[in-house]
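Structure assessment
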Amino acid sequence: MELLGIMLAVLGAALAAGFAGSGSAIGVGIAGEAGAGVMTEDPGKFGLVLLLQALPGTQGIYGLLTAFFAILKVGIIGGEPVSVNVWQGLGVMFACLPIAIAGYYSGIAQGKTSAACIQLISKRPEETGKAVILPAMVETYAVLALLMSIILLNSISF
Amino acid sequence: MAVLKVKKATVYAHQTVTEDIVAELQRLSNCEVLSLEQQGSDARKEQIARRTKEIEDSSADARFLLRFFEPYYEDGRGVLERLLSDKPPVTLKELEDLLRKTDINEIVEQARKIERRLVELRATLSYLDAKQSILETLEGFPYDLSLISQGTKNITSIFGNIPTEQTERLKLAFENASGDRGELFFGFAGEKAAQVPVVMIFDKSVSADVVEAASSVTLSRVDFPKDLEGTVEDAKKLVVEERKKLLEEETNLKERAKGLSAQWVPTIQRLFDYHEILRKRYEALLQGQTTREVSIIKLWVPENVLETFKNTLKRYEDLIEVALEDPDPAAGDDPPTMLENPKWALPFEPLTRLYGLPPYGGMDPTVPMAPFMFVFLGMCLGDGGYGIVLSMLILWLSSRYKITGDKRNFFNLLFLGSVSTIFFGAITGSWLGDMIDAFGSLAFLRSLKNSVVLLQPMENPLNFLGISLALGVIQVIFGLFLALWENLRKGNYIAAFGDQGGWIALITGLLIFGGFSAGFLGQAAGFAGKVLSLFGVVLLVTTQGREKSGIVSKALSGILSLYNITSYLGDVLSYSRLLALGLATSAVAMIINTLTGLVVGIPYVGVVLAVIIFLGGHVFSIAVNTLGAFIHSLRLQYVEFFSKFYSGGGRAFEPLAYDTKYVQVLTAEAENTP
């Protein structure tokens, strides 16, 4: 049964990295489309556009982070293998869910906000500061989910 | 931490000196010109408007030249240097001399000539292209090309393209129409081409029949270049030669443009800036009112430059009259906002401007925000190694380039952030993540690292979470106190005690009571907490419905307002991001170190891979996490902190000054040359 425990943890890690990464990919994609549109008018805005396009990318990093945490926890990489029973494995998997779910949806939502803010800077480049803050409002929930995932992972003991 | 006071000044100046005075004010760069109601126009106004028009024309010339030369101009500076360095300094006098010395019309003339010729060349080249592609398809044409292009006394021709599948039909029709008085030649456009070029040469006597025959197929006629003659081979050679000649000329012209741009662009940039300065100056004149003898200009003058302002105008004493409006700005005015902060808070000032300036007479949030921002930046980035790398980078850039203005402020802000980061990295034991523990060769640093560690967020995140939330409580309550103070200052006592006092009492009361329940505080404190929070509730219930009419709706909105406690709860919880981002930085760094450790064992390429992963990973991590730390710290200020006491809405001070794009006008120098 030990193997099942570890595999459940692996599933958790896969969900975290996969879903949060997908959310970021879609989000960055949405922002990139808007960015390309703006740059057809003014290629000089590349730097600003890139900055805004990168913002929805953090969910993917959070997901990856949680995934690493999860597999470090069960000793798949770096360190001694730990014995994990099914319940502990399930626990690790559940702990990965906050960032998997919130990462996916917030990545997409943040991408849309970034796209809108790219439109904003195309008209008013002097308002870049504000344009960066609005997508960051969305990211809050990914940060909170990451926090919960980490705390949950941390509180599972073997 | 204040918004500078401004005075409204009215200058009545005799027409003979108005231009000088406006120039002086522009040099001062400290006065904002008000736009006055315009009453009709007069000779003087028209004169100024004419002058403005002249300046705009010259400015347009300079703009044309800059646009034309831009692709050819290299100023020999790197990207970083262009981004960070100051604009080259000049004095106004130098600019004036430059304008006198430079014959801009002649440069414009030359540039236009080059531009015209380049356009011609491009047109000719594309004509040559067309010729060449025709010649390619006529490979093997047996006669002189002049037969097609010009014909002879008796012979004429038709040249065009027909769909490939209609060649047979055309052959038949043409033979029928011309008999032995014509000849048909098919060109070759390629194996799979849908169209075939065709030449019909025939005696003029049968031309009506041939035209009829040609109309039986879908022929699209093409104008044959009139100047093609000789054999196809010769003509091709001529085209190649001509193209070579033209390309050479084009290269020469571009070289010339490059030479001219190297010679003139700096000058034109300066002239452009000088025209901008003049334009601003005359615009300011147009904002005022004029009578036959006198111009009236109204200005906002910050109080701290009032003396300089008066001294500057002293020289014209006999010809002007300056009236200062007293007391301070009246109700209908829209005075501008200028921030004045102590030096240590200056790096944080752009953040206030980014959110929106306070209204005139309002509170400047820069100083209250600065310490929090400093701490939050450090907590969010939270890695000593990254802090050191960042601070070194900033120090290196600062020593290499002369950085001023808002860029300087931003760099200072980043530097402060990196100092704070080093501190938090040290007390959490994070140096490029767990680098010191991960690599055996760094073992000698372990005891040093561990000696300053106070918190271990990786092992025990709840402690750090507690600290983050406590900081949140402190900042939120501090924000409420600021609002309370502001309300007291304005005399809104009910708002001060009801809105802010009530919440402060309720929140601190609950916290004290919570401390008692958790067993940290004694019985007496628990009781005090209860009383304080009840007092807060009473205050809120009685005051929050004060704008409603009727006792029932007053009470109801009072009680409903208590629901807002959730928003305070949300605000405080939002500070948990301080832990999350700090953890994320350390964890990303740790993962990079782990990966490095994993690949280093691979034979042959292991070390190379390890170096790439280690360096690349950490550089990426610094970039991503610094951006995140910055944005999220800023968000806490804007959303959680500012919302308690600050709303912005001020208008930025826009003094009449030297607003230049390419150079920086030295005002101090100019002072010596009146």
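For the structure, check the block above.
Overview of the structure.

Reading guide: rules and limits
Residues numbered from 1 in each chain as written. Chains lettered and ligands numbered in written order. Predicted model: local features only at pLDDT ≥ 70, side-chain atom pairs only at ≥ 80, totals over all residues. Heavy atoms only, no water. Helix = DSSP H or I, 4+ residues; strand = E, 2+ residues; numbered from the N terminus. Buried < 20%, exposed > 50% of the residue type's maximum accessible area, 1.4 Å probe, protein only. Contact = heavy atoms within 4.5 Å. Areas by Shrake-Rupley, 256 points an atom, 1.4 Å probe, with all protein chains shown as cover. Lys, Arg positive; Asp, Glu negative; His and termini not counted. Charge placed at Lys NZ, Arg CZ, Asp CG, Glu CD. Pairing = 2+ DSSP bridges. Axes fitted to C-alpha atoms, helices over the stretch in contact; angles between N-to-C directions. Core = buried A, V, L, I, M, F, W, Y, C linked by side-chain atoms within 4.5 Å. Expected span 1.5 Å × (residues − 1). Parallel < 35°, antiparallel > 145°, perpendicular 65-115°, else oblique. Left-handed = near helix turned anticlockwise from the far one by under 90°. Nonpolar A, V, L, I, M, F, W, Y, C, P; charged D, E, K, R; others polar. Salt bridge = Lys/Arg side-chain N within 4 Å of Asp/Glu carboxyl O. Arc of directions from axis to C-beta. Patch = residues over 30% accessible without salt bridge, like charges linked within 9 Å, V, L, I, M, F, W, Y side chains within 5 Å. Phe/Tyr/Trp six-rings, centres within 6.5 Å; stacked < 30°, edge-to-face > 60°. Lys NZ or Arg CZ within 6 Å of the ring centre and 35° of its normal.

**Let's talk about the overall build of chain A**
- A tally of helices and strands in chain A yields five helices and zero strands.
- Tracing chain A from N to C terminus, the helices and strands come up as α-α-α-α-α.
- Seen along its three principal axes, the alpha-carbon backbone of chain A occupies a region of about 60 × 20 × 20 Å.
- A buried classification covers 49% of the 158 residues belonging to chain A.
- Long-range contacts, defined as pairs at least 24 residues apart, comprise 87% of the intrachain contacts of chain A with a sequence gap of at least 6.
- Counting every atom, chain A has about 6800 Å² of accessible surface; 71% of that belongs to carbon and sulfur.
- In chain A, 6 positive and 8 negative side-chain charges are present, and the distance between their average locations comes to 10 Å.

**As for the sheet that holds strand β8 (residues 220–221) of chain B**
Residues and elements named next belong to chain B.
- Across the sheet, which stays open at both edges, the four strands sit in the order β6-β7-β5-β8 with antiparallel pairing between neighbours. Unpaired on one side and paired on the other, β6 (182–186) and β8 mark the two borders of the sheet.
- With two bridges joining them, strand β5 (residues 155–163) and β8 adopt antiparallel strand pairing. Paired with Asn-161 across the strands is Ser-220, a residue of β8.
- The strands touched by helix α7 (residues 167–178) are β5, β6 and β7 (195–203); relative to β6, the strand with the most contacts, the crossing angle is about 165 degrees.

**Let's talk about the nonpolar core**
- Grouped together as the largest cluster of nonpolar side chains are 71 residues, with contacts concentrated most on A:Tyr62, A:Leu65, A:Leu146, B:Phe376, B:Trp503 and B:Leu578.
- Discounting residues that sit within four places of it in the chain, B:Trp503 has contacts with B:Leu480, B:Gly498, B:Leu540, B:Ser561, B:Leu562, B:Asn564, B:Ile565 and B:Tyr568.
- One finds B:Ile201, B:Ala235, B:Leu260 and B:Ile268 within the second-largest nonpolar core, a separate group that totals 41 residues.

**Focus on helix α2 (residues 43–69) of chain B**
Residue and element names in this part refer to chain B.
- Compared with the 39 Å implied by 1.5 Å per residue over 27 residues, the 39 Å span of α2 between its first and last C-alpha is a close match.
- Residues of α2 that are buried: Arg-44, Lys-45, Ile-48, Thr-52, Ile-55, Ser-59, Ala-62, Phe-64, Leu-65, Leu-66, Phe-68 and Phe-69.
- Buried-residue contacts for α2 involve α1 (15–28), α5 (104–137), α9 (232–287) and β9 (289–290).

**Points about the packing of helix α1 (residues 2–41) of chain A against helix α2 (residues 46–54) of chain A**
Residues and elements named next belong to chain A.
- In contact at an axis separation of 9 Å, α1 and α2 are set at 165 degrees when each is read in the N-to-C sense. Between α1 and α2, the angle falls in the class roughly antiparallel. Judged by the sense of rotation from one axis to the other, the crossing of α1 with α2 is right-handed. Where α1 approaches α2, its residues Val-28, Ala-31, Gly-32, Gly-35, Val-38 and Met-39 are matched on the opposing element by Phe-46, Val-49 and Gln-53.
- Residue composition of the contact of α1 with α2, by class: six nonpolar, three polar and no charged.

**Quick look at the pattern of salt bridges**
All names here are of chain B.
- By the definition in use, this model includes 32 salt bridges over all chains.
- The shortest N-O distance in the salt bridge between Glu-250 and Lys-254 comes to 3.8 Å. With Glu-250 and Lys-254 both in helix α9 and four residues apart, the pair spans about one turn of that helix.
- A salt bridge links Arg-635 to Glu-640; its shortest N-O distance comes to 2.7 Å. Like Arg-635, the residue Glu-640 is buried in the burial classification.
- Several salt bridges converge on common partners, so that one network encompasses Glu-24, Arg-27 and Arg-315.

**What about α7(B)?**
Residues and elements named next belong to chain B.
- Between its terminal C-alpha atoms α7 stretches 16 Å, which fits the 16 Å expected from 12 residues at 1.5 Å a residue.
- Every buried residue of α7 is listed here: Thr-167, Leu-170, Ala-173, Phe-174, Ala-177 and Ser-178. Each buried residue of α7 lies within a common arc of 130 degrees when the element is viewed along its axis, so the set occupies one face. In α7, the exposed positions angled more than 90 degrees off the buried face are occupied by Glu-168, Leu-172, Glu-175 and Asn-176.
- Those residues of α7 that are buried are in contact with β5, β6, β7 and α8 (207–214).

**Concerning the pairing of strand β10 (residues 294–302) of chain B**
Residue and element names in this part refer to chain B.
- Summarising burial for β10: seven of the nine residues are buried, a large majority.
- Relative to β10, strand β2 (residues 6–14) is paired through nine bridges, and the arrangement is antiparallel. When the sheet's bridge partners are listed, Val-11 is paired in β10 with Ile-297.
- Here strand β3 (residues 32–33) runs beside β10; their pairing, made up of two bridges, is antiparallel. Counterpart to Val-33 in the pairing with β10 is Leu-299.
- One ladder, built from two bridges, connects β9 with β10; its direction is antiparallel. By the bridge assignment, Gln-289 is partnered in β10 with Ile-296.
- Hairpin remark: β9 followed by β10, antiparallel, with three residues in the connecting loop.

**Quick word on a positive patch on the surface**
All names here are of chain B.
- Together, Arg-112, Lys-113, Arg-116 and Arg-256 make up a region of like positive charge exposed at the surface.
- At three residues, the largest contribution of residues to the positive patch is made by α5.
- Residue position: Arg-256 is located in helix α9.
- Classification of Arg-256 as partly exposed rests on a relative accessible area of 44%.

**Remarks on the interface of chain B and chain A**
- Facing 31 residues of chain B, the contacting portion of chain A comprises 25 residues.
- Among the elements of the structure, α11 (349–355), α17 (461–490), α22 (577–599) and α23 (606–645) of chain B are those that each provide at least two residues to the side of chain B that touches chain A.
- It is α22(B) that contributes the most residues to the side of chain B that touches chain A, 13 residues altogether.
- For the side of chain B that touches chain A, a count of residues per class yields 25 nonpolar, three polar and three charged.

**Here we look at the environment of B:Ala130**
- Within the fold, B:Ala130 resides in helix α5.
- Separated by 119 residues in sequence, B:Ala130 and B:Glu249 have C-alpha atoms that sit 20 Å apart.

**A closer look at the packing of aromatic side chains**
Residues and elements named next belong to chain B.
- This structure, assessed with the given rule, holds 28 aromatic pairs over all chains.
- Taken together, the aromatic side chains of Tyr-355, Phe-372, Phe-376, Phe-478, Tyr-575, Tyr-638, Phe-641, Phe-642, Phe-645 and Tyr-646 make up a single cluster linked through ring pairs.
- A cation over a ring is seen here: Arg-489 above Trp-485, with NZ or CZ 5.9 Å from the ring centre.

**A closer look at a nonpolar patch on the surface**
- On the surface, B:Val600, B:Val607, B:Val611 and B:Leu615 cluster together into a nonpolar patch covering about 350 Å² of accessible area.
- By secondary structure assignment, the location of B:Leu615 is in helix α23.

**Description of the side chain of B:Thr421**
- Summarising the element assignment, B:Thr421 is placed in helix α14 (residues 405–428).
- Dropping the residues within four chain positions of it, B:Thr421 is found in contact with B:Leu377, B:Gly378, B:Leu381, B:Gly382, B:Asp383, B:Gly384 and B:Gly387.

**Looking at the packing of α2(B) against α5(B)**
Residue and element names in this part refer to chain B.
- Direction vectors running N to C along α2 and α5 enclose 40 degrees, while the axes themselves pass 10 Å from each other. When the axis of α2 is compared with that of α5, the two are oblique. Considering the relative orientation of α2 and α5, their crossing is left-handed. In this structure, α2 uses Asp-61, Ala-62, Phe-64, Leu-65, Arg-67, Phe-68 and Phe-69 to contact α5, whose residues at the interface are Ile-104, Asn-105, Ile-107, Val-108, Ala-111, Arg-112, Ile-114 and Glu-115.

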